Amino acid sequence: MDLFEYQGKQFFASFDIPVSAGEAVTTVEDAVAAAERLDQWPVVVKAQVHTGGRGKAGGVKLANSVEEVREHATNILGLDIKGHIVKIVWIEVGSDIAEEYYASFTLDRSAKKHLGMLSAQGGVEIEAVAESDPDAIAKIWIDPVDGLDEATAREWVAAAKLNPQATEGAVDILLKLYRAYTEGDADLVEINPLILKPTGEVHALDAKVTLDANAAFRHEWAEYEATQSRDEREQAAHEKGLQYVGLDGSVGIIANGAGLAMSTLDVVNQVGGSPANFLDIGGGANADVMAGALEVINNDPSVKSIFINIFGGITRGEEVANGIVEALNRVTIDAPIVIRLDGTNADEGRAILEPHLSGQLQMQPTMLDAARTAVALAADR
Amino acid sequence: MSIFVDENTKVVYQGLTGSQGRYYGLLNRDYGTQVVAGTNPKKAGEEVDGIPIFASVADAVSATGATASCIFIPAPGVKAAVMEAAEGGVEFIVCITEGVPAQDEAWFFNKLQRDFPGVQLLGPNCPGIISPGKCNIGITAGHIAKEPVPGEKNVGIVSRSGTLTYQALYELKLQDVGVTTCVGIGGDPVPGTSFIDCLERFEADPETSAVMMIGEIGGSAEEEAAEFIKARMSKPVVAYIAGQTAPAGKKMGHAGAIVSGGKGTAKAKMEALTDAGVRVGAHPTEAGSLMVEVIRSL
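Remember, predicted model here, so these are calculated numbers, not experimental data.

(A) Focus on the interface of chain A and chain B. Counting residues at the interface gives 47 residues for chain A and 55 residues for chain B. Note on chain A versus chain B: buried area summed over both sides is about 4,000 Å², and carbon and sulfur give 58% of it. Contact with chain B buries surface across chain A, with Arg 109, Lys 112 and Ile 314 of chain A losing the most and accounting together for 19% of the total. Here chain A is connected to chain B by five salt bridges.

(B) Molecular detail of helix α8 (residues 266-275) of chain B. Residues and elements named next belong to chain B. What α8 keeps buried is the set Ala 266, Lys 269 and Leu 273. What you see down the axis of α8 is that its buried residues fit within an arc of 65°, all on one side. Residues of α8 that are exposed and point over 90 degrees away from its buried face: Lys 267 and Asp 275. The positive-phi residue at the C-terminal boundary of α8 is Gly 277, with phi of around 90°.

(C) Looking closely at the packing of aromatic side chains. Inspection of every chain in the model, using the stated rule, returns 12 aromatic pairs over all chains. When the centroid spacing of 6.3 Å and the interplanar angle of 50° are considered together, the rings of Tyr 178 of chain A and Tyr 181 of chain A count as tilted. Here the residue Tyr 178 of chain A and the residue Tyr 181 of chain A both occupy positions in helix α6 (residues 167-183), the gap between them amounting to three residues, near one helical turn. Aromatic pair Tyr 23 of chain B and Tyr 24 of chain B: ring centres 4.9 Å apart, planes at 80°, arrangement edge-to-face. Grouped by ring-pair contacts, the aromatic residues Phe 105, Trp 156, Tyr 178 and Tyr 181 of chain A constitute a single cluster. Across the ring face of Trp 107 of chain B, the terminal group of Lys 79 of chain B is positioned such that the distance to the ring centre comes to 4.5 Å.

(D) Focus on helix α9 (residues 284-297) of chain B. The terminal C-alpha atoms of α9 of chain B lie 20 Å apart, and with 14 residues this matches the ideal 20 Å at 1.5 Å per residue to within 8%. Turning to α9 of chain B, its buried residues are Pro 284, Ala 287, Gly 288, Leu 290, Met 291, Val 292, Val 294 and Ile 295 of chain B.

(E) Expanded view of the domain arrangement of chain A. Each domain of chain A was delimited in the assignment, giving domain 1 (21-93), domain 2 (99-225) and domain 3 (232-380). Relative placement of domain 1 of chain A and domain 2 of chain A: their C-alpha centres are 26 Å apart.

(F) Here's a closer look at the pairing of strand β6 (residues 92-95) of chain B. All names here are of chain B. Along β6, one buried face is formed by Phe 92 and Val 94 and the opposite face, lined by Ile 93 and Cys 95, is buried too. Where strand β5 (residues 68-71) lies against β6, four bridges are found, and the strand directions are parallel. Residue pairing across strands places Cys 70 opposite Val 94, the latter belonging to β6. Crossover β5 to β6 through helix α3 (residues 78-88) is right-handed. Bridging between β6 and strand β7 (residues 120-122) involves three bridges; their strand directions are parallel. Bridge pairing links Phe 92 to Gln 120 in β7. With helix α4 (residues 102-115) bridging β6 and its parallel neighbour β7, the resulting β-α-β unit is right-handed.

(G) Up close: the sheet that holds strand β12 (residues 208-216) of chain B. All names here are of chain B. Overall, mixed pairing links the seven strands, which are arranged β9-β8-β11-β10-β12-β13-β14 in an open sheet. Only two strands of the sheet have a single neighbouring strand rather than two, namely β9 (135-138) and β14 (279-281). Ignoring strand direction, the axes of neighbouring strands in this sheet form an average angle of 15°. Summarising the sheet, strand β10 (residues 154-159) and strand β11 (residues 179-184) pair through four bridges and their orientation is parallel. What sits directly across from Val 155, in β11, is Val 179. Running at roughly 170° to β9, helix α1 (residues 19-31) makes contact with β8 (128-131) and β9 of the sheet. Across the face of the sheet, helix α7 (residues 221-232) comes into contact with β12 and β13 (237-242) while running at roughly 155° to β12.

(H) Local environment of the packing of α3 of chain B against α4 of chain B. All names here are of chain B. Packing of α3 against α4 leaves a shortest axis separation of 10 Å and a crossing angle of 10°. If you check the angle between α3 and α4, you find them roughly parallel. Between α3 and α4 lies a crossing whose hand is right-handed. For the pair formed by α3 and α4, the contact residues are Val 78, Lys 79, Val 82, Met 83 and Ala 86 on the first element and Asp 104, Trp 107, Phe 108, Lys 111 and Leu 112 on the second. Residues that form the contact of α3 with α4 fall into these classes: seven nonpolar, no polar and three charged.

About the cut-offs
Residues numbered from 1 in each chain as written. Chains lettered and ligands numbered in written order. Predicted model: local features only at pLDDT ≥ 70, side-chain atom pairs only at ≥ 80, totals over all residues. Heavy atoms only, no water. Contact = heavy atoms within 4.5 Å. Buried area = accessible area lost by both parts, 1.4 Å probe. Salt bridge = Lys/Arg side-chain N within 4 Å of Asp/Glu carboxyl O. Buried < 20%, exposed > 50% of the residue type's maximum accessible area, 1.4 Å probe, protein only. Helix = DSSP H or I, 4+ residues; strand = E, 2+ residues; numbered from the N terminus. Arc of directions from axis to C-beta. Phe/Tyr/Trp six-rings, centres within 6.5 Å; stacked < 30°, edge-to-face > 60°. Lys NZ or Arg CZ within 6 Å of the ring centre and 35° of its normal. Expected span 1.5 Å × (residues − 1). Domains from an automatic or database assignment. Pairing = 2+ DSSP bridges. Right-handed = clockwise from strand over helix to strand, strands pointing away. Axes fitted to C-alpha atoms, helices over the stretch in contact; angles between N-to-C directions. Parallel < 35°, antiparallel > 145°, perpendicular 65-115°, else oblique. Left-handed = near helix turned anticlockwise from the far one by under 90°. Nonpolar A, V, L, I, M, F, W, Y, C, P; charged D, E, K, R; others polar.

In structure tokens form, the structure reads like this:
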């Protein structure tokens, strides 16, 4: 779950990491009012979107007066940044910057340890630094059982060759950032830039935070959850508890199991089609789940055909077939459906589907045949 | 032979008194698995369909000689359940539960490595493991797996996906190819058992003649497996990688299945495997037929 910058800063602040004072607003009038309340100039007007490259797109502007706040907020609200429309701007007190650094923690899946990265070259894309000057990034691998202690953090800061003036502030922030990452259940915490002010203080000027949705049960994340940017289809699927990812094509996909669903997308692509979505209905395939999945797919106007790909394991073919038949009785589907049913008691399941077959509801013996049929049907409509 | 589990494996089910634990625990017993105990601190002394319930894994181990545990505990309790199993004295822990926080996974993976190096964890978020004809722990439908045939060429399977594993088992069965062990390592970012852990054992297992490996996008486990195969494996490997057309930055169901920063693409994995001499199928059915072709040519 990606947080907006302002939420990331609130998240950081809850772990005592110093961030700039500011307010998140959704209208030009509120932006002006927020700047007046902050009453320290200049302020920065920053687009809140779940993507990078805001600065280049004109989504971050310095304002020295109420008039400039009005002008920038007017331009930024509604701005399209890489397909993300700006609905929220963050107005924060401007900071004097002496130097810009980079700091982050994430999981190194290969090493199965936490990876901390620190660099004296901040403010730019860290990937670019990694490319041009890999030695400029000081990396440490942290065993989750040990955690990060102060002595290690101090050595790490020294290895990154930050300005000695920044040492104390950086060590303090890194220890807090590690706590935010582990205790806060983040997949990623990144501060870029981490700044040294002319006054010697170290401060998080930006915040990029991805939280682990699996840990939601032990946190109060309702507010973050409420602002997730999902398209309508994804929102509807999310509310039904389905694993759904919206895509751009015309073949609606329903499969049981994440691997099989991914594989279904691959096969549809391989035979020249394009999937409208990824949808995993999980191991079982009862009527409720199937009906919910069909509703989500049916509400997507770009879907021209539907491919239901089910492999029965413990859930037997006849249960799956009965689920599909009952779901089809409940939901009226516009697009033609192609079913591939295999695995446990597939023959019994197919026998149940047989009497219901028509031009609108077809069955194919293999994944490949079903994909070809679904793609051909989508092309015809 | 088989890897990790066989007819002598005695299993304690943590969460046997819950609905999922009971359902699969009894199915596993019906298959022939030695389901010797369940645990629930509040129900010690009770039974689930004749299976004794103990307060802890340690109690179950001392009373029944259990050697493995299978966890069907909801995600918030998994960290404690894994440690309870390790401290209780089992050698093999299968964690079926999905939705375990990554921070917990990273923690107990390292904790086990350090303090319980003899304990092997499988999962979390995995379908489990089956050595056909001997032992089935988890949620795999036992009847879709063909038992290994003595004197014939048999296959070992290792997979990150559940349903694709079933499909692989099923296709091999239709082609009359026996399976020594099928390991579902799961779709999470820090799996307790890796491809390499399994490949190493399959290579050493005299009854396994070839290996089928099913990977997916995200991470670099398949690339690492490719290096291992190139350097250390004499037995042929056939692979399939799911998610060849998955867009970057979107999690495809599994917590670990995401292409980020240009890393973890199916293309890179398929190239690494091909480079290591692995035959890679474009889709699961093709991988199945490649496997049959390979096994028939041995």
